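Geometric and topological summary
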Amino acid sequence: MEYKFSERVLSLKPSAIREIFKYAADPTYISLSAGNPAPEAFPAKQLGEISAKLMAENPILALQYSTTEGYVPLREHLKDYMKKTHNVGRDFDDLIVTSGAQQIMDLFTKSILNEGETVLCEAPSFIGSLNDFRSYRAKLVGIPMDTDGMNMEALEKALQTERNVKFIYTIPNFQNPSGITMSLEKRRRLYELAKQYGVMILEDNPYGDLRYEGEPLPTIKSFDEDGIVLYAGSFSKVISPGMRVGYAIGPKPVLAKMTVCKQGQDVHTNIWSQVVCYRFMTEYDFDAHLEGLRAIYTKKRALLLDLMEKNLAPHITWDPFNGGLFAWCHLPKGVDMMAFVQKALEKKVCVVPGTAFLTSENEPCDAFRINFSTPTDEQLTKGIELLGETIREMI
Ligand SMILES: Cc1ncc(COP(=O)(O)O)c(C=O)c1O
């Protein structure tokens, strides 16, 4: 059989980094390439208690079909929670529960983007979202990043010159992959520019609660008096990615269209997970849980910074990251990034080549991404030492 794929997905190719992920699954390699929460970060005991009680007392709630928009108590709780804690949500907004934030990228793009229309995104940006935009044949235009977020002059220029810009995609907190956080000034400017040019903003915030230093900044959605921001939230990094629970907050007509699209994808998000999520948030001390996560990752980040100072500086530099799960490291001039990643692989350490996060994998790139949440302290120590050895052999 000759399989003829649709034009929409024809250009989606397995990327060069797939090769590296293959090694990441091999236990003889040290993987600094994943983006997973630390194994010790899961509230497994509490989730087990909730699940057991649910199955004993109300199994039909968890096992029956449910509504596409999401479990009502969870939706109501999240609306209230996001209003109180982040000033997110106005009368014109609604909230739907989704199967992770990844599904929001898909439903939103499917709902509003025509083939060939443009998405402005940070360069670099999250590969899962970029691939999703690509699958709808979006034209992706990368806006360079400064250490305090997207370069606003470049953004304004793109808004002036690019045709048919449909939305701006941003991860304002501890961005994946760069770890960078957008300043308050830039958040306001981004909102004003989007408003001025009549384009929407897709604000993706899975790492916002994982801040280890400095004061939290307001979400862009909290400025939204005009119905131009769609906010994507996720429990993947703060409860469990395996539960697949995320939530979108945005203008009612946009969410209504996304809901129809969701019916054709998965009917509804796993209701068992939704109930467990709701009960974990309301019957346990969710704030204390978040504090616990921050304590785990604050230690891991401090260890990574110390190891990088000792082993990678001054040859390799990194962008500031006050939260999240990643460090974005720059190689010195003259060192080929792919050659560095390959050489590290020969020493059995996996990092992700920066090109994976660009709108075109062929663009030049001097950076690679390190994840510090998944490896043990011993693996992190050994891994960074080996990266240090690698760079010293290459300069
Ligand atoms: C920036 C960003 N957005 C979205 C996602 C997808 O998260 P979810 O597990 O909620 O689908 C990730 C996952 O790593 C991410 O890093």
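Nothing here was measured: the structure is a model prediction, and the numbers come from that model. (Residues numbered from 1 in each chain as written. Predicted model: local features only at pLDDT ≥ 70, side-chain atom pairs only at ≥ 80, totals over all residues.)

**Notes on the site of the ligand**
Selection criterion: Nearness between a residue and a molecule or strand is assessed with a C-beta atom placed from the backbone; a distance within 6 Å qualifies. Working definition: helices are DSSP H or I runs of at least four residues, strands are E runs of at least two. Numbering for both runs from the N terminus. Polar here means any residue outside two lists: the nonpolar Ala, Val, Leu, Ile, Met, Phe, Trp, Tyr, Cys and Pro, and the charged Asp, Glu, Lys and Arg; Gly therefore counts as polar.
The local shell around the ligand holds 14 residues, among which Gly100, Ala101, Gln102, Ser234 and Ser236 are the closest. The element that contributes the greatest number of residues to the shell around the ligand is helix H6 (residues 100-112), accounting for three residues. Here the shell around the ligand is built from residues that sort into five nonpolar, eight polar and one charged.

**Description of the packing of helix H12 (residues 286-311) against helix H14 (residues 377-394)**
Angle between the axes and distance between the axes are the two parameters that describe a pair of packed helices. Our working rule: Every angle, taken between N-to-C directions, lies between 0 and 180 degrees, and every axis is a line fitted to C-alpha atoms, over only the stretch in contact when it is a helix. Roughly parallel means an angle under 35 degrees; roughly antiparallel means over 145; roughly perpendicular covers 65 to 115; every other angle is labelled oblique. A crossing counts as left-handed when the near helix is turned anticlockwise from the far one by less than a right angle, and as right-handed when that turn is clockwise. Throughout, a residue-residue contact means that the two C-beta atoms, derived from backbone geometry, are no farther apart than 7 Å.
Between H12 and H14, whose axes approach to 9 Å, the crossing angle comes to 25°. Classified by the angle their axes make, H12 and H14 are roughly parallel. By crossing handedness, the relation of H12 to H14 is classed as right-handed. Mapping the contact onto sequence places Leu303, Leu304, Leu307, Met308 and Asn311 in H12 and Asp377, Leu380, Thr381, Ile384, Glu385, Leu387 and Gly388 in H14. The residue makeup of the contact of H12 with H14, split by class, is seven nonpolar, three polar and two charged.

**Some points on unusual backbone geometry**
With an omega of 10°, the peptide bond running from Ala123 to Pro124 counts as cis. Relative to the elements of secondary structure, Pro124 occurs in the loop between strand E3 (118-123) and helix H7 (127-135). Along the chain, Asn176 connects to Pro177 via a cis peptide bond; the corresponding omega equals 20°. Relative to the elements of secondary structure, Pro177 occurs in the loop between strand E6 (165-170) and helix H9 (184-197). Phi angles above zero are rare outside glycine, and Asn87 is one such case at about 55°. Within the secondary structure layout, Asn87 lies in the loop between helix H5 (72-86) and strand E2 (93-98). At Arg137, a residue that is not glycine, the phi angle is positive and equals roughly 60°. Among the structural elements, Arg137 can be located in the loop between H7 and strand E4 (139-146).

**Let's talk about the nonpolar core**
Stated precisely, the cut-off is as follows: Note on definitions: a nonpolar core is a set of buried residues drawn from Ala, Val, Leu, Ile, Met, Phe, Trp, Tyr and Cys, linked by C-beta atoms within 7 Å. Here a residue counts as buried when 20 or more other C-beta atoms sit within 10 Å of its C-beta, as exposed when there are 12 or fewer, and as partly exposed otherwise, the C-beta atoms being derived from the backbone. What marks off one domain from the next here is an automatic or database domain assignment.
Grouped together as the largest cluster of nonpolar side chains are 101 residues, with contacts concentrated most on Ile201, Ala248, Cys277 and Val351. Shared between two domains, this core takes at least three residues from each, and those domains are domain 1 (7-43 + 288-394) and domain 2 (45-283). Every residue in contact with Val351, bar those within four places of it in the chain, is listed here: Leu32, Ser33, Val341, Ala344, Phe368, Arg369 and Ile370.

**Comments concerning the domain arrangement of the chain**
Entries for the chain in the domain assignment read domain 1 (7-43 + 288-394) and domain 2 (45-283). Domain 1 and domain 2 are separated by 25 Å when their C-alpha centres are compared. The set of elements that each furnish at least two residues to the side of domain 1 that touches domain 2 consists of helix H1 (7-10), H12 and strand E11 (326-330). Tallied by class, residues from the side of domain 1 that touches domain 2 come to 17 nonpolar, nine polar and five charged.

**Some points on the pairing of E2**
Under the convention used in this document: Only strands joined by at least two bridges in the DSSP assignment are considered to pair.
With respect to burial, E2 is a largely interior element, six of its six residues being buried. Of the two faces of E2, the one carrying Asp93, Leu95 and Val97 and the one carrying Asp94, Ile96 and Thr98 are both buried. Where E2 and strand E9 (residues 246-251) come together, six bridges link them in antiparallel fashion. Paired with Leu95 across the strands is Ile249, a residue of E9.

**Things to note about the pairing of E9**
Among the six residues that make up E9, five are buried, leaving the element largely enclosed by the rest of the structure. Inspection of the sheet shows strand E8 (residues 229-234) paired to E9 by four bridges, in the antiparallel sense. Residue pairing across strands places Ala232 opposite Ala248, the latter belonging to E9.

**With respect to the sheet that holds E9**
As a general point, the strands of a sheet are linked pairwise by backbone hydrogen bonds and lie either parallel or antiparallel. Spatially, eight strands are ordered E2-E9-E8-E7-E6-E3-E4-E5 in an open sheet, and the strand pairing comes out mixed. Taken across any chain shown, the strands that pair with only one partner, and hence form the sheet edges, are E2 and strand E5 (149-150). Those strands touched by H5 are E2 and E9, and its axis lies near 125° from that of E2.

**What to know about the sheet that holds strand E10 (residues 317-318)**
As summarised here, the arrangement of the four strands in space is E10-E11-E14-E13, forming an open sheet in which the pairing is antiparallel. Two strands lie at the open edges of the sheet, namely E10 and strand E13 (352-353), each paired on one side alone.

**Let's talk about H7**
Residues spaced three or four apart along an α-helix point in a common direction, a consequence of the helix completing one turn every 3.6 residues. How we decide: Arc definition: directions from the helix axis to the C-beta atoms.
Here H7 has its buried residues at Ser129, Leu130, Asp132 and Phe133. With its buried residues spanning 160° around the axis, H7 presents them on a single face. The secondary structure elements touched by the buried residues of H7 are H6, E3, E4, E6 and strand E7 (200-204). Directly beyond the C-terminal end of H7, a positive phi value near 60° is found at Arg137.

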